[in-house]
Amino acid sequence: MNKNLKRQDPGLETIGVVQSFNTIATGYLFHCENATVKVELFNAHTIRVNAIRNNKSFEDFSYAITTPPSKTEHQFFESNEQYVIQTEKIKVLISKFPLRIQFLTLQGQIIHQEHPSFGTGWFGNEVASYKSIQPNEIFVGLGEKTGNLNRRGSSYTHWNTDYFGYPTNGDPLYLSTPFYIGIHRALCYGVFYDNTYKSIMDFGASNDRFTTFTASDGEMDYYFFYDDNIAGILKHYTALTGRVQLPPLWSLGFQQCRYSYYPDKEVINVARTFREKDIPADVIYLDIHYMDEYKVFTWHPERFPNPNDMVDELHRLGFHVILIVDPGVKVEEGYPYYEEGIKKDLFLKYPDGELYSGKVWPGTCHFPDFTNPEARKWWGQKYKIHIDNGIEGYWNDMNEPATWGKRVPDVVEFNYEGIGASHRKGHNVYGMQMARSTYEGTKELLEGKRPFVLTRSGYSGVQRYAAVWTGDNTASDEHMMCGIRLISSMGLAGVAFAGYDVGGFAGEPSNELFARWIAIGAFSPFFRCHSMINSRDAEPWAFGEEVEEISRNYIKLRYRMLPYIYSIFYEASQTGMPIQRSLVIDYMNDTNIYNNNYQNEYLFGPSILIAPVPSTQMISKIYLPEGGWYDFFTDKYYEGGKEILIETGKDKIPIFVKQGAIVPIQRAVSQANGDPGDTLEIHIYKGIRNESFVYYEDDGAGFDYEDGMYYRREILFNPKNKSLTLKTKEGNYHSKFKKSRVFFHGYNEKELHPKIAGIELDIIATDYRFVAPVTDFDPWHYSTDNSKIIKDRYYTKIELEDAKFV
């Protein structure tokens, strides 16, 4: 050992002991040996901890956070050893020697704590936070991350990456949402690390002492959330980072994509084929081949000589068009968007002023700096050419940003809202800010209509601007199951509107795989088929008559369920609850849901359980959580908390409905805005507790709902006295439905028929009250008579003949 050598690595420099503190309007500042720590109270459930070195100043800017702290009633105590901040929900203990932070229940039970030995500190510019792992602690969330539902023992990197054909354990992918939920001893909490630099979240991958969040630079800035359940955690997290906007109704229908459909005659032919084959659909995509030499905001003069005529014909067929728009602007003299961007100084550049160039589809390109407000406004206005074509949907791809060679130099400069930043800091928000530019620009140009934006890349808060899909997946059972977990995990990170490419983008699915995938996809928030260039056709009819029939049936079922789906999108816009809900939201203390065999199961909305199984399995073991469940296809009742064996096939996936569920549906339509008739069906599943469902409706197209033009009505059912109540409707919108039809599942005729049971069934609404006897039995048909997917099944039906639903 050479004793003359000096250590070059400084090691972990921790915050140190508290030397003084002072109050601020939103909380407290603690001045320590090596750092200043700000503790802010956003509300009784949400605490922010922000630490900087003493030679730095707080930045206090975030692309993720939209809500400032509110005045929060609390108590503050100081003793010789610690400070205590107590809200009506959380107790925060801040030790002085050295500063360490603990979050406790009001009863003193540890929820979450910094590791007593390491806490928060710096390795040079790298900032790190160490948190103690509680006994048997489980970690979920993080958004678009592969792996198991329980993240314990794994490590993940946040660095948006173009990852073609990623493996099912690939990391990082396209989206960074560094928010997770911890669960232990029947407690749950959330932590959001708001740092856009490249970061790593390690859930004890190589130790059982602590979790670690490290970022290559920047502040230690995290938000702690606590509530009684995960739904509450998500509500508080999305109150800060934003929630999904109500999407245009047509975007909830089936969407068909290919790399690429061209020329215009082929596009129209695909749309006509959907109508001729009676397969509902709302959207057809145009990938990069619609452009002239792949240049954004252009049309190929030969493939699409008259885009307005094509779009008009597609509208006549009931289709909306979504165009791909990548960020790269071709370097070409005379190309107006290149010339304008140069003139207005809107592209990313090096510190010496030279513009950054990277190669993508058009060749050498410059890239708009979407962290510059002027660039966002400029880019958003450029969509006018396509708005004038009649196009209301846009697909932002390659916006990590991706270039051939995969890596933008770290030295490239970003405007970052005038603050200034290098690529190291700006990279992870680039895609989100592009989606923001697209959404804000098209919203303004559409003059009252809702735009639809789909993005591949983003950061926490991207849900405010766009839906997200999981990028370039592959055609395999493994990827199908991986994609399901990705969407459930994205829902746990506030991204409610998300989906995968049904059938797989790369590779070619077997008939069985496509049939299974489209059946599952019908119960995903975003429902799109997509396939790669130089591969077989991947429309529903391309896999033979049997798969075509299966596809038709499940797509029609999706359209029948639009009243339910739109209502849960409304819920997502109000509370942040996902559309596709990991079972951990309702059953976090059930150890079976973390089992590798059952971790793919999820709830579609509050009531419908989907148990995905690979296309190769004909008999599957699934797990039903506690409570009662009805087989969706047969109404057979199962007691929950058990494993069951169930037969599956090419035409059937395991679907169950929770006891007590209230599910509104409509008749089948060929497009989301089609005429569903005047009758809303309300399906009620026998339960043991009072249940409710909030039915929501508006025009599905514009923003008048913000001014009261909506229809909101709570539906309640009391199983004890068998009373159905439709509470007073809210809003000024008139429902498209004129009457209701009620179907009871799980009851027999004796239980409901007054002549047999000797009781009356009250149907109660604010604008009418009457007694309706059971009239007959009626099947819920949503398929053709020769369907292999649905057997005729009969329900006790009560038809509210004279009831005005409006």
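For clarity, every value in this text was computed on a predicted model and none was experimentally measured.

What counts and what doesn't
- Here, residues in each chain are numbered from 1, in the same order as that chain's written sequence.
- At least 70 in pLDDT is required for a residue's local features to be given in this predicted model, at least 80 for side-chain atom pairs to be given and counted, and no such filter applies to totals for whole chains, interfaces and linings, which use all residues.
- Think of the side-chain values as coming from all heavy atoms in the structure, minus any hydrogens and water.
- The secondary structure listing takes helices from DSSP runs of H or I that are at least 4 residues long and strands from runs of E that are at least 2 residues long, numbered from the N terminus.
- Exposure categories follow from relative accessible area, calculated using a 1.4 Å probe and restricted to protein chains: below 20% of the type maximum is buried, above 50% is exposed, and the middle band is partly exposed.
- By the convention used here, residues are in contact when the closest approach between their heavy atoms is within 4.5 Å.
- The rule for a salt bridge is simple: a side-chain nitrogen of Lys or Arg has to be within 4 Å of a carboxyl oxygen of Asp or Glu.
- At least two DSSP bridges between two strands are required for those strands to pair.
- What counts as an axis is a line fitted to C-alpha atoms, over the stretch in contact for a helix, and the angles between N-to-C directions run from 0 to 180 degrees.

Trainee: Could you clarify how one ought to interpret the environment of Val 267 in this entry?
Mentor: Turning to its location among the elements, Val 267 is positioned in helix H2 (residues 264–276). By relative accessible area, Val 267 is classed as buried at 1%. Sequence separation of Val 267 and Leu 314 is 47 residues, and the distance between their C-alpha atoms is 8.6 Å. Filtering out sequence-adjacent residues up to four positions away, Val 267 remains in contact with Tyr 261, Ile 284, Leu 286, Phe 304, Met 310 and Leu 314.

Trainee: In this structure, what is going on with the pattern of salt bridges? I would like to understand it.
Mentor: When their charged atoms lie close together, side chains carrying opposite charge are able to pair. In total, this model carries 40 salt bridges according to the counting rule given. Its salt-bridge partner being Glu 13, residue Arg 53 comes within 2.9 Å of it at the nearest N-O pair. Taken together, the residues Arg 53 in strand E5 (residues 46–53) and Glu 13 in strand E1 (residues 13–14) connect sequence positions 40 residues apart. With a relative accessible area of 31%, Glu 13 lands in the partly exposed category. Between Arg 552 and Glu 549 there is a salt bridge, with its nearest N and O atoms 2.5 Å apart. Within this pair, Arg 552 and its partner Glu 549 are both found in helix H10 (residues 545–560), separated by three residues, close to a single helical turn. Residues Arg 552 and Glu 549 agree in their burial class; the two are buried. The network of salt bridges with common partners includes Lys 38, Glu 40, Arg 48, Asp 60 and Asp 221.

Trainee: In this structure, what is going on with the environment of Trp 379? I would like to understand it.
Mentor: Checked against the element boundaries, Trp 379 lands in helix H5 (residues 373–382). For Trp 379, a relative accessible area of 0% corresponds to the buried category. Along the chain, Trp 379 and Gly 341 lie 38 residues apart, while their C-alpha atoms are 9.3 Å from each other.

Trainee: What should I look at first to understand the sheet that holds strand E17 (residues 187–193) in this one?
Mentor: Paired through their backbone hydrogen bonds, the strands of a sheet run either parallel or antiparallel. Strand order in the open sheet formed by eight strands is E2-E3-E4-E5-E20-E17-E16-E13, and the pairing between neighbours is antiparallel. Across the chains shown, the open sheet's two edge strands, defined by having one partner strand only, are strand E2 (18–24) and strand E13 (138–141). With strand direction ignored, the average angle separating the axes of adjacent strands in the sheet is 20 degrees. Judged from the five bridges that link them, strand E3 (residues 27–32) and strand E4 (residues 35–43) form a sheet pairing that is antiparallel. Its bridge partner lying in E4, Phe 30 is registered against Val 37.

Trainee: How should helix H9 (residues 511–521) be read in this particular structure?
Mentor: Residues spaced three or four apart along an α-helix face the same direction, because each turn holds 3.6 residues. With nine of its 11 residues buried, H9 lies for the most part within the structure. Residues Leu 513, Phe 514, Ala 515, Arg 516, Trp 517, Ile 518, Ala 519, Ile 520 and Gly 521 constitute the buried set of H9. Packed against the buried residues of H9 are helix H8 (477–491), strand E34 (501–502), strand E35 (528–529), H10 and strand E37 (602–604).

Trainee: Could you clarify how one ought to interpret the pairing of strand E10 (residues 110–113) in this entry?
Mentor: Looking down a regular strand, the side chains alternate between one sheet face and the other. Judged from the three bridges that link them, strand E9 (residues 99–104) and E10 form a sheet pairing that is antiparallel. Bridge pairing in E10 links Gln 102 to Gln 113. The turn joining E9 and E10, which pair antiparallel and follow one another in sequence, is formed by five residues; a positive phi near 95 degrees is taken by Gly 108.

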